[in-house]
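What follows is each chain in one-letter form.
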Amino acid sequence: MLSIQNLHVSVGGKSILKGLSLDLPQGEVHAIMGPNGAGKSTLSYTLAGRAGYEVTEGSATLDGQDLLSLSPDERAAKGVFLSFQYPLEIPGVPALTFIRTALNAKRKAKGRDEIAAPEFLKLARAAATGLKMDFEMLRRGLNVGFSGGEKKRMEILQAVMLSPSLLILDETDSGLDIDALRIVSEGVNNLRSPDRSMLVITHYQRLLDHIKPDKVHVLAAGRIVASGGPELALELEREGYDKYGVKEAA
Amino acid sequence: MSLASAIRTRDLNELPSRRDEDWRWSDLKAVIRVMPDPSPAAYTAAANPALDGIDAARILYINGRLVDGGRIAIPATGKGAFVRRFVSATAETAHHVDAPVEVGAGGRLLLIDSFEGQAAGYLASTTGAIRLDEGAVVERIVLIDEPEDAVSVARFEVQLSEGASFSQTVLATGAKRQRFETHVAHPGGASVRLDGAYLLGGARHSDQTTVLNHEGLAGLSSQLVKGVVADRARAVFQGKIIVAKGADGTDARMGSHAILLSDRAEVDAKPELEIYADDVQCAHGNTVGALDDAALFYARSRGIPELQAKAMLTAAFVGEVVVRIGDDAAREMARAWVEVKLAGLV
Ligand SMILES: Nc1ncnc2c1ncn2[C@@H]1O[C@H](COP(=O)(O)OP(=O)(O)O)[C@@H](O)[C@H]1O
Ligand SMILES: [Mg+2]
């Protein structure tokens, strides 16, 4: 269970999150919807532990353990995984090397041995096939020269390989055409499990046609201003965010 | 003026200093206050496991004396692979050696030159002419692994003939003062790669200086020098490319890129292009920056601990130099060497 209480976060001295509270029980999928600039990525980065996201008040715990005092890699070892809105390119590090390093770091944190090469390759091949990715792409520098959609698939592939207990998807739908959206959503749906929670962050309702959330929250001006069932997403699609007192920047 | 002549004459006034334009970042006078005794003869050196994977004949120099093997002279159309070790084995002593290389027409040579310090506080000077006759092909990898209180200067003069190809990769971890100079006379119609990487920590200094003279038509040259500098260490890269009058069709590319891992680390880079011909393609790029924080966070968010993530990203950065090594075994040796040296820096 992820529990966020009264979270206040400043970036560069500017207050962005202003008392955000949210409970995400184990095994559930919650959507966070909000207009541009609402603070969605700020929440993602804060949970993942990015430097410069200063928590001035409030708490965030995963299964009762404080997250905010941990380094990004310690959080990952606890099961946190953020699928980036804008995945980074890492020239010179083949995707396979990167993922194997991450997987082994995670195993090491749990006191397990490194994964054997054949087993790793088998898992990677299966994950690539599931996401309809050309396996040869995994031998290239991570995300280097990839299209937006390919980068998002690579994020989900990493999630599949690292098997997190808390998966945060920050606008995984942005930049995807309808086919890619279906493939990525299917990948995410396959990850649904009673011992994994998901926070699906999106600006648009269309992703939620594919990934059905248990609950929908509206994030506006740094706080959760409304929560409800999947019908809330449809309402937002029809009526926009106006009634929450925010005007979207054009 | 050179370390070699200072060692020979025992006259400190022979040492290059900051007053010499080419030496202003690598002042030797400032760090050598007394001339040590000449190094004694020595016949044993500790093994160097980093070279184990290379299937090549061995040549061993200790304290500036040839101890095992001979001079390298590949006959026309001949083929050779050599590991030459230049070991400094006696503390607080000085030595100089000249180690030339000749490759006859159409000959091929893989040369690993390993400079190894196995004692403290020595002065070492090495020179050598490397001659490539028509169509000769040389790939040279230089590893420089010395203690932090040593001073060493190496200067090689490369002379190419038509159709020859010379590729060099210098990997250095610095010393109190460490300079590696390569001068290339490029006749045109030949190809040269002059790469380097430096991996520096502590108070170390490393200077890679190259002078590349394009003297004839349609010469190719490509240069990539990258490095990682931590702590208070200081890297120097001076890369001069001269394209002589009439050397049309020359294509010369140079890139120099560094990552500084600390506020007190320093890189002095001086790319110089002197172009006297009309129809040439010359490009150079020069960057100095920090490790990419966003990439570091990305890696850490996937569970890779900070030090390991830094090592991975810096290795990838320097790896762009290593992957240009053509020989598979040499490339693997270089990759492993860089990995070990970087692990001690980040
Ligand atoms: N690094 C930063 N420095 C200063 N302001 C920032 C920074 N990152 C984001 N912001 C501001 O914080 C607010 C929330 O941004 P963000 O969390 O990216 O919103 P969302 O993901 O919902 O579009 C915006 O007003 C944005 O301009
Ligand atoms: Mg965002």
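Numbering of residues begins from 1 in every chain and follows the order in which that chain's sequence is written. Written order decides the labels, with chains lettered from A and ligands numbered from 1. For this predicted model, a pLDDT threshold of at least 70 governs which residues receive local features, and a threshold of 80 or more governs which side-chain atom pairs are given and counted, while totals over whole chains, interfaces and linings are taken from all residues. Hydrogens are left out, water is left out, and the side-chain values use all remaining heavy atoms of the structure.

K.L.:
Report on the pattern of salt bridges, specifying residues and quantitative values.
P.N.:
Residue and element names in this part refer to chain B. Note on definitions: salt bridges are taken to be side-chain nitrogens of Lys or Arg within 4 Å of carboxyl oxygens of Asp or Glu. Inspection of every chain in the model, using the stated rule, returns 33 salt bridges over all chains. Here R193 makes a salt bridge to D195, at a shortest N to O gap of 2.9 Å. The pair formed by R193 and D195 is uniform in burial state, with each residue classed as buried. We note a salt bridge from R324 to D195, for which the minimum N-O separation is 2.7 Å. With R324 in the loop between helix 3 (306–322) and helix 4 (328–343) and D195 in strand 14 (residues 191–200), this residue pair connects regions lying 129 residues apart in the sequence. Only protein chains enter the area calculation, which uses a 1.4 Å probe; residues under 20% of their type maximum are buried, those over 50% are exposed, and those in between are partly exposed. Working definition: helices are DSSP H or I runs of at least four residues, strands are E runs of at least two. Numbering for both runs from the N terminus.

K.L.:
Break down helix 4 of chain B for me, with residues and values.
P.N.:
All names here are of chain B. What a helix should span is 1.5 Å times the count of its residues minus one. Over its 16 residues, helix 4 runs 23 Å from end to end, which matches the ideal 22 Å to within 8%, given 1.5 Å per residue. Along helix 4, the residues that are buried comprise A330, M333, A334, W337, V338 and L342. All buried residues of helix 4 fall inside an arc of 160° around its axis, so they share one side. For helix 4, the exposed residues set more than 90 degrees away from the buried face come down to D328, V340 and A343. Arc, as used here, means the arc of the directions from the helix axis to the C-beta atoms.

K.L.:
Give a detailed account of the sheet that holds strand 4 (residues 53–62) of chain A, specifying residues and quantitative values.
P.N.:
Residues and elements named next belong to chain A. Two strands pair if DSSP finds at least two bridges between them. The 4 strands lie next to each other as 2-1-4-5, forming an open sheet whose pairing is antiparallel. Single-partner strands in this sheet number two, and they are strand 2 (14–24) and strand 5 (65–66). Inspection of the sheet shows strand 1 (residues 2–11) paired to strand 2 by 8 bridges, in the antiparallel sense. Bridge pairing in strand 2 places V9 opposite L17. Contacts between residues were defined by any pair of non-hydrogen atoms, one from each residue, lying within 4.5 Å. Helix axes are fitted only over the stretch in contact, all axes being lines through C-alpha atoms; the angle between N-to-C directions runs from 0 to 180 degrees. The sheet strands contacting helix 1 (residues 40–48) are strand 1, strand 2 and strand 4, and the helix crosses strand 1 at an angle near 110°.

K.L.:
Tell me about the layout of surface pockets, and name the residues and values.
P.N.:
Using only the protein atoms, space was sampled on a 1 Å grid; points where a 1.4 Å probe fits but cannot get out form cavities, open sets with protein on both sides within 12 Å along at least five of seven lines form pockets, and lining residues are those with an atom within 4 Å of a point. Grid points are joined across faces, edges and corners, and a volume is the space filled by probe spheres set on the points. Computed from the structure, the largest pocket encloses a volume of approximately 1,000 Å³. Of all the secondary-structure elements, those providing two or more residues to the lining of the largest pocket are helix 2 (72–77), strand 7 (90–94) and helix 3 (95–109) of chain A together with helix 3 and helix 4 of chain B. When residue character is reported, Ala, Val, Leu, Ile, Met, Phe, Trp, Tyr, Cys and Pro are called nonpolar, Asp, Glu, Lys and Arg charged, and the others, Gly included, polar. Its residues placed into classes, the lining of the largest pocket shows 14 nonpolar, 7 polar and 14 charged.

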